[in-house]
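Residue-level structure breakdown
So the chains spell out like this:
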Amino acid sequence: MLICHTINEIKSFTRQAASQGKTIGFVPTMGYFHAGHLALMSEAKKTCSVVVSSIFVNPVQFGPQEDFTCYPRDIDRDKRLAVEVGVDAIFIPSVEEMYPPRFSTFVETKKITDCLCGKSRPGHFQGVTTVVTKLFNIIQPDIAFFGQKDFQQAATIRRMAEDLNLKVKIVLVPTVRDKDGLALSSRNIYLEGAQRQAALSIPKSLALAAQAVENGERDPIKVKMAVCNMLAAEPLVEIDYIEIYSLPHLEEISLLQGEVLLAIAAKVGKTRLIDNLVLKIPDNWPIIPNKR
Ligand code: AMP
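We now turn to the structure provided with this report. Just so we're clear, the structure is a prediction, and the values are computed from it rather than from any experiment.

Conventions used here
Residues numbered from 1 in each chain as written. Predicted model: local features only at pLDDT ≥ 70, side-chain atom pairs only at ≥ 80, totals over all residues. Heavy atoms only, no water. Helix = DSSP H or I, 4+ residues; strand = E, 2+ residues; numbered from the N terminus. Rg over C-alpha atoms; globule rule 2.2 N^0.38 Å. Buried < 20%, exposed > 50% of the residue type's maximum accessible area, 1.4 Å probe, protein only. Contact = heavy atoms within 4.5 Å. Axes fitted to C-alpha atoms, helices over the stretch in contact; angles between N-to-C directions. Parallel < 35°, antiparallel > 145°, perpendicular 65-115°, else oblique. Left-handed = near helix turned anticlockwise from the far one by under 90°. Nonpolar A, V, L, I, M, F, W, Y, C, P; charged D, E, K, R; others polar. Phe/Tyr/Trp six-rings, centres within 6.5 Å; stacked < 30°, edge-to-face > 60°.

**Thoughts on the overall build of the protein chain**
A count of helical and extended segments in the protein chain gives ten helices and ten strands. Here the protein chain has a C-alpha radius of gyration of 20 Å; the compact-globule value for 292 residues is 19 Å, and the two agree. Its C-alpha atoms give the protein chain principal-axis dimensions of roughly 70 × 55 × 40 Å. In the protein chain, which comprises 292 residues, the share counted as buried stands at 49%. A separation threshold of at least 6 residues defines the contact pool for the protein chain, and within that pool the share at least 24 residues apart is 72%.

And the structure:
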């Protein structure tokens, strides 16, 4: 596996692969790999002849009170795991390589970033779309892989790729969970003792919502209330948001129909966790018999 620290190194690798007619799959990450990251890489491996990943803890997407400096990092372990899934090259730039002193251009996607994490973390998605644009321009992938766990991130990047006529196709990979149901996240390492048990109320409340919908509930407010009650019963969980939006554009709805996203963000101790579920609502309107 090739390890590149400079833009020129990774560019020459990907340009050469492209000139040989190879499809380039790309998995951008912030590192500290878990099975969720590896699922993205394995998916890329299935459909692309060359797989490139990047590890970059992007300072621009962290707010001033957020965990940029203490974000977990273990590059040696990441390299070993990436080799095991067959990644061909990893790009690990420094902050200076990505943001040289006179850097002053940002990419912003509006509307789709007004809600959920875009609302709770001002400037976050501008940091994401800026770094991803840079990475796309450097790597020039044919397909880029993103996890459903960060649904709004993937939806925003898809919007950006369409709006800016980028050639890259965006593929969404399902959320990988631990045996107990908790969505894997590099930040799970922060959870101490009882906090991890408390965090399980997040996937449990998603399951409760799915059950309510299966039982016929079609009022988004009632579904959100059920989720809220379950999370609120857990004293270590501090709710940031519980929202339901229509797909694919993340718009507000007053009735559950079609495909919807139920998304949760909550803090457990100092750790901010997010999770979501895509609900496919069956078309089960009562059939009104024809009048004779
Ligand atoms: P991160 O390193 O947290 O920025 O994540 C890099 C990529 O991995 C993003 O596309 C995430 O959505 C994806 N990812 C993170 N956690 C998971 C998970 N549990 N399942 C699937 N994909 C994930």
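**A closer look at unusual backbone geometry**
With an omega dihedral of 10°, the bond running from leucine 247 to proline 248 counts as a cis peptide bond. Note that proline 248 resides in the loop between strand S7 (237–246) and strand S8 (251–252). Its identity as a non-glycine residue notwithstanding, leucine 116 has a phi of 45°, on the positive side. When you line up the elements, leucine 116 lands in helix H5 (residues 116–120). On the basis of relative accessibility, which here comes to 4%, the residue leucine 116 falls in the buried class. Its identity as a non-glycine residue notwithstanding, leucine 250 has a phi of 55°, on the positive side. Mapped onto the fold, leucine 250 is located in the loop between S7 and S8.

**Quick word on the packing of helix H6 (residues 124–139) against helix H7 (residues 151–163)**
In contact at an axis separation of 11 Å, H6 and H7 are set at 55° when each is read in the N-to-C sense. As summarised for this structure, H6 and H7 are arranged oblique, according to the angle between their axes. With respect to the hand of their crossing, H6 and H7 are arranged in right-handed fashion. Each of Phe125, Val128, Thr129, Val132, Thr133 and Phe136 in H6 lies in contact with H7, whose residues at this interface are Gln152, Gln153, Thr156, Ile157 and Met160. Partitioning the contact of H6 with H7 into residue classes produces six nonpolar, five polar and no charged.

**Regarding the packing of aromatic side chains**
Following the criterion strictly, the structure yields six aromatic pairs and no others. Considering the side-chain rings of phenylalanine 56 and tyrosine 99, the 6.1 Å spacing of their centres and the 40° angle between planes classify their relative orientation as tilted. Taken together, the residues phenylalanine 56 in the loop between strand S3 (50–55) and helix H3 (75–84) and tyrosine 99 in the loop between helix H4 (95–98) and H5 connect sequence positions 43 residues apart. Residue phenylalanine 56 is classed as buried on the basis of its relative accessible area of 6%. Within the aromatic cluster, the residues linked to one another by ring pairs are Phe56, Tyr99, Phe103 and Phe106.

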